[in-house]
Every structure is written in C-alpha cells, then in structure tokens.
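Structural overview
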Amino acid sequence: MGLVTMRTNSPSQTGRLSAKVRPIIAAEAAECGLASLAMVASAHGLHLGLGELRRQFPMSLKGARLGQLIQIAQRLGLAARPLRLELEELGQLRLPCILHWDLNHFVVLARVGGSRATIFDPALGERRMSLPEVSRHFTGVALELVPTPEFQPRKAVPTVSARQLTGQVSGLWPALAQILLLSVVLQVFVVLAPFFMQWVVDQVLVSADRDLLTVLGLGFGLALLLQIGTGLLRGWSVVYMSSRLGLQWMGNVFAHLLKLPLDFFEKRNIGDIVSRMASVQSIQRTLTTSFVEAIIDGLMALVTLGMMLLYSWKLALATLLAVALYMGIRAIAYRPVRDRTEQQLVAAARQETHLLESLRGMQSLKVAGEEAQRQATYGNLMVDTVNHEIRIARMGLGFSGASQLVFGVERIAVIWIGALLALQNVFSVGMLIAYLAYKDQFAARMAALVDRWVEFRMLRLHGERLADIVLTPPDEEAVVEALPPADTRIEVEGLSFRYGDGEPWVLRDCSFSIEPGESVAVVGPSGCGKTTLVKLLLGLLKPTAGHVRIGGQDLHRLGPRNVRAIVGAVMQDDQLFAGSIADNISFFDPQATQERVEGAARMAAVHDEIMAMPMGYHSLIGDMGSSLSGGQKQRLILARALYREPRLLFLDEATSHLDVANERQVNEAVKGLDLTRVIVAHRPETIASADRVLAMEDGRVVQQWRNGAAPALAVPAA
C-alpha cells in the first residue's frame, strides 16, 4: 500500500483523547500491531480488549503488516491514513496514532510536547522519550486512525472474576469463615488493651490500690495468653488454607494450560507463560491473607472510630482528616504504581525468557563462541528489571514517608489538643492515654486498609495476565459422547489453512483419501506445507476451510482426543523428558510392562544400543535427552509412538537422523505392522517403503502415484 506524504498541518489532539490512552502489553510474541490498535480504539471509546481482537483477527508469528492493520482498523470503523513524515512533523499528527518502530515493531504515539514524546510500547509499556531517542527508533511511517460514522463505541467489559481465575476450589469459604471468626476474637483482646492503662492511671495510681493493680495485671495477663493462643491458631489456619488453595489453584491452572491448543504456545515466549503462571501466587496471597486482614482492619477501624467519638469528636476529626489526606495521595499515585508494576513484570518475563533460551541453546552458543554477547544481553535485561524494581521501591519509600509525615503531624496535633482538653478537665490523663491508643490503632488500621485497597486494585493487573491463560478456550472436545473410531480411513476434503486473515495460505484446497492399512508418503520441497498437513490431520491445528474425516466422522466434531487415542506420531521437534529410557518409551505409563517397552524399542531398532548402556532401560537420558545421540533420540521417540500400539501412525521426517542400515530396519519393522501410515520424507528409501506417494507444492497436492507406477497428475496445479 502506498503512503501519503505529509504536507498539510493536521490538527493535533494531544488533549482529551491522548489522555485516555492506556498501555496494553502484548501477550503473544508478534501481536504488537493488534495491541497498538486496541490502545487507539480504546482511546476513542471502543474497549474491545486484546483477547477479543486476537480471537477476531488471529495473527501468525510473522506479525502484522501495515496493510493488515489498515484492514482491521476499517473493520472496527476507523478510517486509516498511512503517512510518511519527518521527525519534526510528529506534532502535526492526529493523536493517538500508530508509529512503525525499529523496522519490526508498532507503538502508539500518545503525546508530543516540546522536545519530548510519550510512547506506549506493547512490549514495554509507557515510555517518555526525547525526540532524539525517538529518532533512533522511528522509521518515518505513521498510521492515523479516526472514527467513521460506522464506528460504535463500547464500554469496557467487566473484569474477570476470581471464580473464573481459580476454577473449582473446594473448602475455600468454610476456611475463610473460620479464619474470620478467629480474627474477630483476636481483635476483642486488642480493643480491651487500652483500658488497662486507663484504669491503672485513673484508679490505681490515684488511690494507691495495690490489690486492684494485682487483679488488673493478672486479668490482662490471662487475656494476653488467650490472645497469643488465638493468634497462633489463626496463623496456622491461614498457612493451611493458603497451602491448600495454592495446590488446588495452581493445579487447576496447569491442567487448563495443558488443554490449550498448540498455537497458544507457538505464539508466546516461554518466560512470559511462566511469569503469568506466577501471578497465581500473588492473587492467592491477596485473596487469603490480605482479604481477611482487610475485613478485620475495616471492622476494627469502625470499632476504634466509635470509641474515639465517645471520647471526643474534635480529636477524631483531626485523625479523619489525616486519613482522608493519605487516601488521596494513594489514589492519585495508583496509576503510576500500576504501570510501573506491569513494566517490571514484563521486564522480568523477558529476562527469564532469555535465561531459558540460553540454557536450552547452550551447545549453539558454545559452538558459535557467542557467550559474551549473550551474557551482555542478559546483563542489560537484568539491569532493566532491577531499574523497574528500584522505581517501584522508590515509590514505596515515598508512600512510607508520606504516611509517617501525615500521621506524625496528626499525632502531634491530637496530643496538643488532648492536653489542652485535659488541662480544662474535659479529659483525665488516663482517658487521654486510652484515646491515644485507640487513635493509633485507628490510624494504623486505616492506613493498612488503604494499602489493601491499592493491593486489591492491583489484582486486576495480575488477573489480566493470568486471564490470558485461563480464559483462552481449550482444545475442542467431542460435541457428543464418542469412542475412538473403529475405521481408520482418512478423508481430506477442500482442506485449507492459514494463520490469520491477510496471511498467505499454507495449505490450499487439498483433497485426498487414505485407506485403512495403507502407507502413504507425503513429499515435496521444504516449506510446501507437509508438516502443517500432518498437524491438521492430528487435530493440533484447526482448518481455516475444509474437513478432515476419520472413519467418516469429522475430526473436530469427533474430538481430537478421541482420535489421538488410536494415533502414534513422531514430529520433527518432539522432545524427550527427564527420566529413564523406559519412562520415555512408555511416556511414564504406570501400567507399563518391560515386554511391551522392549518390543517397541526393537521395532525402532534401538534395543541393542539400550542394552549396551550400563543401566539398560533404567539409564537416565538427561535433560531433553542430552546424553543421547540425535539418532538415538529419534528412535526413542519412534519407540514411544509404537508403544501406544496405534492404528494410525504419522511420521514427520522420523528417520532423518538414521544411517541407511538403521533406516532400512525401521522401515521394514513399521511396514510389517497392521496400521495406517502417513509418512513425511525426503529420503528415497523411506519413500520407496510406502504404498502410495502424494506430492505437494505451494500448499497443494499436485500429484499422486503408487510406488512402481509412473507418476500421474491427480490434482491440477493452480
């Protein structure tokens, strides 16, 4: 798409609209364009949310081109105007608008003022940059977006509920009720404590009554012991409930994570997924300990406020003014704290992703001699994370200082006024001491309550991050109760696939059938769609158009899990797991037998090599099979597929690491099995072992022939 060169002055909207822009952090690795569109649409009143945009306009890992963003914007009711401009012309743009950044990224320009600009980066959050800094990233291409008459604003959808995030958790409310009851009992002793000092000052000291002092001391000492016992019981209850909730909740989230479709993991960095899983702990801590403490703080604040008003409403008014001032300070600072926290979480996720990638790719790093460069990058990411943590800590120190200042001045004022009242005989000295105790409790409880309020509002941040996992729909299950199909005939009709609107077709209008017991080789140049075809046949990807039928039933109506019960597969990037060789062949089957494990290993031509190892089938394979050769790993994965005793076997370059002798042995063993085979291969020996060959080119099946017969054109090339 051509770009409009900017020559006329467009009205700058750095006021009301730009003030409504809020940062949206992208969850997927290449959805900066969608996130930028979501920010601009939200500023105009269309609060779709990134998750809904992602579902309506799915993107591939290649990201979005400018033309795709324009098409999506038009479907949202936004008129798009692409521009090429110089840096000094940024102030003439209609804001907010989208900027092309670093040749491979999109950001939102929210404000331009003087020599500085405010950028909302989907990868990093809000950034205030000088124009020279902007110049180092800005490519000179911008996209203005203005609502059309078809644009329909929409309010923000309600935030996710705790029940949506937790799933079914048993025993939560009874445990909370028990902790709440113990907490209320505990606070009774806290309320009684100031009376001890008041009675000692006003009764014991005035009358010199030693017996009364003894009685008061023993009584309040017993109350102290009860208070300690109740506190220990409540603390144990909190620990027990938190542990139980954590186990159930994390288990629920992990179980849901395992059900998500394959493309969820392909489009995200592993460090970001781990970071979002960690949000469970933050939410759990807030919903257990902090939730109970907030209720108790609220009740105690009301009780102590009532006691204060009984003593003197004038003194209580001074304390209420101080509390209101502190609440105002925290409310004003909430948005900066939230943004800084989100930026810190994103920076920490990037750092963890880099660490995990470095550990997984250590061999490649050492071969290339790039350890120093990788270390420098990790150091920069670590510094970025620490800088965000320092900013958050600095704000925390600021709140602590503000609290000390506000309530320190308030305490001086209360003592001053209280002393004047005592001099006027309105108060006794004991009453003043008791009032100060109640006042200190009220101020402390209210300050804690304000902090809890901020903490609960911060739950929305963690909830939004966790919602990216728990609210993503899992793999489709069978619509009706179904059993694995008895017939293994595969029918493919008009099958097409692409990763998103505007993306090139990976597969286009493929149609063929595979009879039960038949062996079919799929051949073609790299990148023609062979592996994608296998993933569609396995139900790992959902077709954009067309159907896959197993035994006459649609794969996705039948339910991929029902089909996978009769399927064995070896994919190009399959992995082994930490454990023994036998564990990996049986995939940690608790009912595995040695005979079945050995039988699968023999068919995969790896039994002799296993027996040559010191521990045989009990040998540990290391992390992801690091102690094995490439050929051994590939044959173990093949043995794992054969252990399932499948009736459908999919092999995607399953013998590419084997020598000719082992490949021939594996092909003969597999050929002798009574099952249907789909084999993706390049080697002539493997292709020759198949009954029939499908030739693919540019996402289409263009030829098919039986081995031993001349190739015949079966499907005309487009």
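Just so it is clear, the structure is predicted and the values come from calculations on it, not from any experiment.

What follows covers the overall build of the chain. Regarding its fold elements, the chain presents 23 helices and 17 strands. Sorting the 718 residues of the chain into buried and exposed places 47% on the buried side. For the chain, the share of sequence-separated contacts (at least 6 apart) that also reach a separation of at least 24 residues comes to 74%. Entry remark: accessible area of the chain is about 34,900 Å², with carbon and sulfur atoms responsible for 60%.

With respect to burial, strand β15 (residues 676-680) is a largely interior element, five of its five residues being buried. Sheet topology places strand β10 (residues 519-523) next to β15; four bridges connect them, and they run parallel. Across the sheet, residue Ala-521 finds its bridge partner in β15, namely Ile-679. Crossover strand β14 (residues 648-652) to β15 through helix α22 (residues 660-671) is right-handed.

By way of backbone hydrogen bonds, the strands of a sheet pair with one another, either parallel or antiparallel. Pairing is antiparallel across the open sheet formed by four strands, whose spatial order is β9-β8-β11-β12. Each edge of the sheet is formed by a strand with only one pairing partner; in this case those strands are β9 (507-514) and β12 (553-554). In terms of strand pairing, strand β8 (residues 490-497) meets strand β11 (residues 545-550) through five bridges, oriented antiparallel. Its bridge partner being in β11, Val-492 is matched across the sheet by Val-548. In this fold helix α15 (residues 530-538) packs onto β8, β9 and β11, with an angle of close to 120° to the strand it touches most, β8.

Another point: the sheet that holds β15. Taking strand neighbours across the sheet as the criterion, the six strands line up as β13-β14-β15-β10-β16-β17 in an open arrangement whose pairing is mixed. Taken across any chain shown, the strands that pair with only one partner, and hence form the sheet edges, are β13 (567-570) and β17 (700-706). Averaged over neighbouring strand pairs, the angle between their axes works out to 15° when direction is ignored. Relative to strand β16 (residues 692-697), β10 runs parallel, the two sharing four bridges. Within β16, the position partnered with Val-522 by the bridge is Leu-694.

All told, the structure shown has two aromatic pairs when counted by the stated rule. Judged by centre distance (5.5 Å) and plane angle (40°), the rings of Phe-577 and Phe-587 are tilted. Linking Phe-577 in the loop between β13 and α18 (581-586) with Phe-587 in the loop between α18 and α19 (594-603), this pair joins segments that are 10 residues apart in sequence. The class of Phe-587 is partly exposed, set by a relative accessible area of 46%. Between Arg-330 and the ring centre of Phe-399, over which it is positioned, the NZ or CZ distance is 4.0 Å. Across the ring face of Tyr-643, the terminal group of Arg-596 is positioned such that the distance to the ring centre comes to 4.1 Å.

Rules behind the numbers
Residues numbered from 1 in each chain as written. Predicted model: local features only at pLDDT ≥ 70, side-chain atom pairs only at ≥ 80, totals over all residues. Heavy atoms only, no water. Helix = DSSP H or I, 4+ residues; strand = E, 2+ residues; numbered from the N terminus. Buried < 20%, exposed > 50% of the residue type's maximum accessible area, 1.4 Å probe, protein only. Contact = heavy atoms within 4.5 Å. Areas by Shrake-Rupley, 256 points an atom, 1.4 Å probe, with all protein chains shown as cover. Pairing = 2+ DSSP bridges. Right-handed = clockwise from strand over helix to strand, strands pointing away. Axes fitted to C-alpha atoms, helices over the stretch in contact; angles between N-to-C directions. Phe/Tyr/Trp six-rings, centres within 6.5 Å; stacked < 30°, edge-to-face > 60°. Lys NZ or Arg CZ within 6 Å of the ring centre and 35° of its normal.

Just geometry here; none of it tells us what the structure is for.
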